[in-house]
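Chain and residue survey
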Amino acid sequence: MGALVTLDLPADAPALTLPWIITFGPMNDEEEWEPVVCGPYERAHALALAEAVVADEELMAVVEPLQPHVTVAQIQGDIAASRLAAENEDVEAAFDAELAGYDDDHDHDHDHGDHTHEPPSVEEIREGFARIAAKLTN
């Protein structure tokens, strides 16, 4: 079985309504091939597809929102925010490791109600594409 990595977002997070992409890649450094990026999908479809692919394969799937930025400043702002968040996580992780030992368990929680273990049908994905296209053209 492979691994699925995604953001743990609150139920009201605006990113949940964005289009999502899946990046599939090797689980370890021994395999060398270019990652495959798929999407955009609605989040639930992306999670279900990723789970179906990694269920029997030693692959890593990263499911993340696709940011429809239209300016360089928006992209740079997200990069700065991501760097700041990573620095904060490093500080928090070091602190937690000193206090209680570090448990690096990033398994995907399969109990979320927004997806199933069954991948969506082709029709459901195409309907999702239409909803995403409508959002991107507004």
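Refer to the structure printed above.
Description of the structure in this document. All of these numbers come straight from a predicted model, not from anything done at the bench. (Residues numbered from 1 in each chain as written. Predicted model: local features only at pLDDT ≥ 70, side-chain atom pairs only at ≥ 80, totals over all residues. Heavy atoms only, no water.)

**Some thoughts on the sheet that holds strand β2 (residues 20-26)**
Within a beta sheet, neighbouring strands are joined by backbone hydrogen bonds and run either parallel or antiparallel to one another. Judged by pairing direction, the sheet is mixed, and its four strands sit side by side in the order β1-β4-β2-β3 without closing on themselves. Across the chains shown, the open sheet's two edge strands, defined by having one partner strand only, are β1 (3-6) and β3 (36-41). Recorded for the sheet is a direction-independent mean angle of 20 degrees between the axes of neighbouring strands. Both β2 and strand β4 (residues 59-65) contribute to a ladder of seven bridges, which runs antiparallel. (Pairing = 2+ DSSP bridges. Helix = DSSP H or I, 4+ residues; strand = E, 2+ residues; numbered from the N terminus. Axes fitted to C-alpha atoms, helices over the stretch in contact; angles between N-to-C directions.)

**Remarks on the pairing of β2**
In terms of burial, β2 is largely enclosed, as six of its seven residues are buried. As paired strands, β2 and β3 are joined by four bridges and run antiparallel to one another. Looking at the pairing, F24 lines up with V36 of β3. (Buried < 20%, exposed > 50% of the residue type's maximum accessible area, 1.4 Å probe, protein only.)

**Re helix α3 (residues 122-136)**
With 15 residues, α3 should cover 21 Å at 1.5 Å per step; its first-to-last C-alpha distance of 21 Å lies within 8% of that length. Among the residues making up α3, those that are buried are I125, G128 and I132. For α3, the buried positions fall inside an angular range of 60 degrees around the axis, keeping them on one side. Pointing more than 90 degrees away from the buried face of α3 are the exposed residues E123 and R126. Turning to α3, the residues buried within the fold contact β3 and α1 (43-54). (Expected span 1.5 Å × (residues − 1). Arc of directions from axis to C-beta. Contact = heavy atoms within 4.5 Å.)

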